[in-house]
Amino acid sequence: MQSVSHQRKTMSALTLVALLGWPVAAIAQTAGTQEIVLERVSYANETEAQQAWRPSDRTAPVRLVHENGRVALEVALPFASQPDWPRSVHDRQVSLDLSGPGEFLLEVSVEPVEAVGYLSLYFRSGEGWYAASGSVTRPGRQVLRFRKSDFRIEEHPRGWEHIDGIRISFWRGRNVDGRARIYRLVAVRHAIAILGPAAAIYGRDPEYRVARETFQRFARLLDDLGLAYDEWDDASPNAQVWAEQKVILVPYHPRLSPEATKALALAIRQGTRVFLNYQAPAELLGLLGVGKARWVGQQFPGQFAEVRFDRQILPDLPETMRQSSWNIIEAEPATADAHVIGWWYTASGEATGKPAMILSPRGAFFSHILLEGDTENQRSMLAAVLIAMAPELRSQIIRGLLARAVRVGHLTTLDELGEWLKTYLPDHAHPAWQSFAEAEQIFQAVREGESEGKAPPINLRELQQLRRKLVEAYLSAQPSPHVEGRAYWNHSGLGAYPGDWERTAKELSEAGFNMVLPNMLWAGLAHYASDILPRSEAFQKYGDQIEQCVAACHRHGLEVHVWKVNFNLTNAPRSFIDQMRAAGRTQMTRRGEPSNWLCPSHPDNQRLEVDTMLEVVRKYPVDGIHFDYIRYPGPDNCFCPGCRQRFEKEMGVKVSQWPEDCVSGPLRSQYLEWRRRNITRVVEAVSREARQIRPGIEISAAVFPDYPSCRDSVGQDWVSWVQAG
Ligand SMILES: [Zn+2]
């Protein structure tokens, strides 16, 4: 059931058409769509209606009711009066071939809505059923859409061509009495069908998944173009139905059955346009005018990297379509009316001389499958090929492309964007209004070109231009609060050009940044003139990096928030690490392995962390300081002898089994709490003292996103830091 998304789609199409002033009737259906009315509720009287729709399972007979000039079948739903009654059942006998339609529309209403959990539409075929379900989501009349691919099989149906019954059931929702009304049931057959391998036959085939994905890719492109379509598989090909189809797309079928091949061949002979991709029986390729098909693997990676199209032959085509194919089915035009419309090019832009796409009056052939990637050009390619195969789809496709082009951000139409601009930019001198006006002009031009029936080629550049203007208008109208930080996190502490913070700051400022977070110190290393930490090679080579950074950034209006990697000794000099380890200040895992991290419970380490960050605040006019690695490395740390001693002393406990009692034993939660406290103490001391040194300084931290589990895993209770201010 896809009623929700389909209704949304219909809504946007309607909005657009209302906007364009095109007749609504024209979009009610795709060109070439056929509707078969299965139930229109046109009975002479109630008795006749009751004879047509037979109730069972304790269901009351239908009633014929009039509602604002429309006639409906009413179904009583006594869910409160009959607490054990699960659903209503009404059956009608029919004799229908429904193998053509790809979609069914059921117009209903339910009062009250909550009486019904969902409704089911069944088609009976011999000893089995096709069944699909949908939900009534709001009061009043509404159309539910059921795609054929939504129907599940119950028992053993004979096939869609032998439908002998229709059943409609409303299933219990809440325990309230209600009623449902049925207004119409229509089968819809679209001009376009996508054909893929049947899951029942090919589900275990290793290529099935790829075929399915490619099928879905085509389906999404059609959705983008605003085109409805039928979804087919080749479980039981119906040659007659296939031959009545306007367009059949075969995105990828690794092994079409002989029956399906025969049905497609008949369809092509009778005028159906077929778009074959990659592997296809030679017979079908021949009918399209494609010959000498043979598999060709790439000779080097990037040999088949791009398709360049011939817009002389088909002006609607995009210039190019990128996709990295590793093999192709090389083929040539075999009839005078078949032409190569696209050629393969290598990644370095050289012609391979191998055709990528061939078009004839009977269809098209693409030499590989459409891969994930260049969606925009794929969409344009498909639009052009569809228009070539079925020109009557043209205006609908252009409407689809236009509708897509005007969808910007959260807004779906030009009108919506105009309203939004009015709200946020009452000043019409703002450049966003200029962009919007230009977009409107392009839109009008495309629309007029269409409505005058001139059918000019789809001007893709114009559509792209339209889109670019609208995006410009949308983005430049975004409110820009002055507190917004657009920050650059610099890990080297040297900027983008070592030794030249001036250039980095200038370029960042020109690019719209207003904040820099340079990593100037680690647990055992400083890129500035530290009196506490070892000075780095970068400091020796380029001089005091904080000093240079702050001076340059402030010249260019950028804030500087100096970033420290806490506790982590990764790039500290060996001598410093050895010195810390000798003093018992480094961490140990629970198995007693040494870690190159300072132990957060050691008072000298806490003081070192605090003093180094305060040194930065004291010596330089920084706008903020930024903690990173302000935590333990993981749940295995720290279990050094010092931790045991300090834990016992501070918590007033005695650990009998070290470290088991603290890892998973009775003291675990106390130990975790104590671990958190060691980290929080550093954060708390730095932020308190830094604010004494420079009131208004900003304090930030890079933290784990998986709160609250990071409280236990790494001792990082950052929500409590925020709450404490
Ligand atoms: Zn420790």
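It should be emphasised that the depicted structure is a prediction, and the values quoted were computed from it without experimental measurement.

The rules behind the values
Residues numbered from 1 in each chain as written. Predicted model: local features only at pLDDT ≥ 70, side-chain atom pairs only at ≥ 80, totals over all residues. Helix = DSSP H or I, 4+ residues; strand = E, 2+ residues; numbered from the N terminus. Rg over C-alpha atoms; globule rule 2.2 N^0.38 Å. Buried ≥ 20, exposed ≤ 12 C-beta atoms within 10 Å, placed from the backbone. Pairing = 2+ DSSP bridges. Axes fitted to C-alpha atoms, helices over the stretch in contact; angles between N-to-C directions. Parallel < 35°, antiparallel > 145°, perpendicular 65-115°, else oblique. Contact = placed C-beta atoms within 7 Å. Nonpolar A, V, L, I, M, F, W, Y, C, P; charged D, E, K, R; others polar. Core = buried A, V, L, I, M, F, W, Y, C linked by C-beta atoms within 7 Å. Domains from an automatic or database assignment. Expected span 1.5 Å × (residues − 1). pLDDT = per-residue confidence, 0-100. Right-handed = clockwise from strand over helix to strand, strands pointing away. Left-handed = near helix turned anticlockwise from the far one by under 90°.

1. Comments concerning the overall build of the chain
Per the secondary structure count, the chain includes 23 helices and 30 strands. The C-alpha radius of gyration computed for the chain amounts to 35 Å, which surpasses the reference 27 Å derived for 725 residues by more than 25%, pointing to a less compact arrangement than a globule. Taking all 725 residues of the chain together, 41% fall into the buried category.

2. Regarding the sheet that holds strand β13 (residues 230–233)
Read across the open sheet, the nine strands follow the order β13-β12-β14-β15-β22-β21-β20-β17-β18; overall the sheet is mixed. The two strands at the open ends of the sheet, each matched to only one other strand, are β13 and β18 (320–325). Going across the sheet, the axis of each strand differs from the next one's by a mean of 25 degrees, ignoring polarity. Where strand β20 (residues 339–345) and strand β21 (residues 351–360) come together, five bridges link them in antiparallel fashion. If you follow H339 over to β21, its bridge partner there is L359.

3. As for the packing of helix α19 (residues 641–651) against helix α21 (residues 668–693)
One way to put it is that α19 packs onto α21 with a least axis distance of 11 Å and a crossing angle of 100 degrees. Considered as vectors, α19 and α21 are oriented roughly perpendicular to each other. Residues F647, E650 and M651 of α19 form the contact with α21, whose participating residues are Q670, Y671 and W674. In the contact of α19 with α21, the residues fall into four nonpolar, one polar and one charged.

4. Quick look at the pairing of strand β4 (residues 70–78)
Pairing between strand β3 (residues 63–67) and β4: five bridges, direction antiparallel. Pairing of R63 across the sheet is with E74, part of β4. Hairpin connection, β3 to β4: the antiparallel pair is bridged by two residues, and N68 has positive phi, about 45 degrees.

5. Side note on the nonpolar core
Soluble globular proteins: nonpolar side chains tend toward being buried together. By size, the foremost hydrophobic cluster in this structure holds 93 residues, and its most contacted members are I248, L288 and F365. By residue number, the principal contributor to this core is helix α9 (residues 375–389), which donates nine residues. The residue makeup of this core includes at least three contributed by each of domain 2 (192–394) and domain 3 (406–476). The contact partners of I248, leaving out residues within four places of it in the chain, are A193, L195, W242, L264, A267, T272 and V274. Grouped together as the second largest cluster of nonpolar side chains are 58 residues, A552, C553, F647 and W718 included.

6. Digging into unusual backbone geometry
Looking along the chain, the bond that leaves E111 and enters P112 is cis, with omega of -10 degrees. Tracing the sequence through the fold places P112 in the loop between β6 (103–111) and β7 (116–134). Cis rather than trans, the peptide bond between N637 and C638 has omega equal to -10 degrees. Within the fold, C638 resides in the loop between β29 (624–628) and α19.

7. What to know about α9
Taking 1.5 Å per residue as the helical rise, α9 with its 15 residues ought to reach 21 Å, and the 21 Å between its terminal C-alpha atoms agrees with that figure. Within α9, 13 of the 15 residues are buried, which leaves the element mostly enclosed by the surrounding structure.

8. Some words on the confidence of the model for the chain
With 93% of its residues at a pLDDT of 70 or more, the chain shows a mean pLDDT of 89. The spread of mean pLDDT over the elements of the chain runs between helix α1 (residues 3–20), the lowest at 30, and strand β22 (residues 363–366), the highest at 98. Counting contacts from residues 1–29, a segment whose pLDDT is below 50, to residues more than four positions away or on other chains yields 30 contacts.

9. Concerning the domain arrangement of the chain
It is common to report an interface's size as the accessible area lost on association of the parts. Here the chain is partitioned into domain 1 (34–189), domain 2 (192–394), domain 3 (406–476) and domain 4 (487–723). Here the C-alpha centroids of domain 1 and domain 2 sit 38 Å apart. Taken together, the contacts link ten residues of domain 1 with eight residues of domain 2. Of the residues belonging to the side of domain 1 that touches domain 2, the class tally is no nonpolar, five polar and five charged.

10. With respect to the pairing of strand β23 (residues 487–490)
Pairing between β23 and strand β24 (residues 515–522): four bridges, direction parallel. Residue Y488 lies in a different strand from β24, and its bridge partner there is V516. Crossover β23 to β24 through helix α14 (residues 501–510) is right-handed.

11. Quick word on the sheet that holds strand β9 (residues 152–157)
Judged by pairing direction, the sheet is antiparallel, and its five strands sit side by side in the order β2-β5-β10-β7-β9 without closing on themselves. Of all strands in the sheet, those with a lone pairing partner are β2 (53–56) and β9, marking the two edges. Direction aside, the axes of adjacent strands within the sheet are offset by 30 degrees on average. Examined bridge by bridge, β7 and β9 share six bridges and lie antiparallel to one another.

12. Remarks on the packing of α9 against helix α10 (residues 394–405)
Orientation of α9 relative to α10, taken along the N-to-C sense of each, is 165 degrees, at an axis distance of 9 Å. By the angle between their directions, the pair α9 and α10 is classed as roughly antiparallel. In this structure, α9 crosses over α10, and the sense of that crossing is left-handed. Here α9 contributes A383, L386 and I387 to the contact with α10, which in turn contributes R394, I397 and L401.

13. A short note on the environment of Q670
The residue Q670 is located in helix α21 in this model. C-beta crowding within 10 Å serves as the criterion here: with 15 such atoms nearby, Q670 is assigned to the partly exposed category. Once the C-alpha coordinates of Q670 and D531 are considered, the two residues, 139 residues apart in sequence, prove to be 37 Å apart. Beyond its immediate stretch of four places on either side in the chain, Q670 contacts M651 and V653.

14. A look at the environment of V655
On the secondary structure map, V655 appears in the loop between α19 and α20 (660–663). For the pair V655 and K246, spaced 409 residues apart in the sequence, the C-alpha separation amounts to 81 Å. Leave out the neighbours within four places in its chain, and V655 touches R644, E648, D661, C662 and L667.

15. So, the environment of G363
Relative to the helices and strands, G363 resides in strand β22. Between the C-alpha atoms of G363 and H428, which are 65 residues apart in sequence, the distance is 50 Å. If we skip the residues at most four places from it in the chain, G363 touches I268, R273, V274, F275, L276, L288 and M389.

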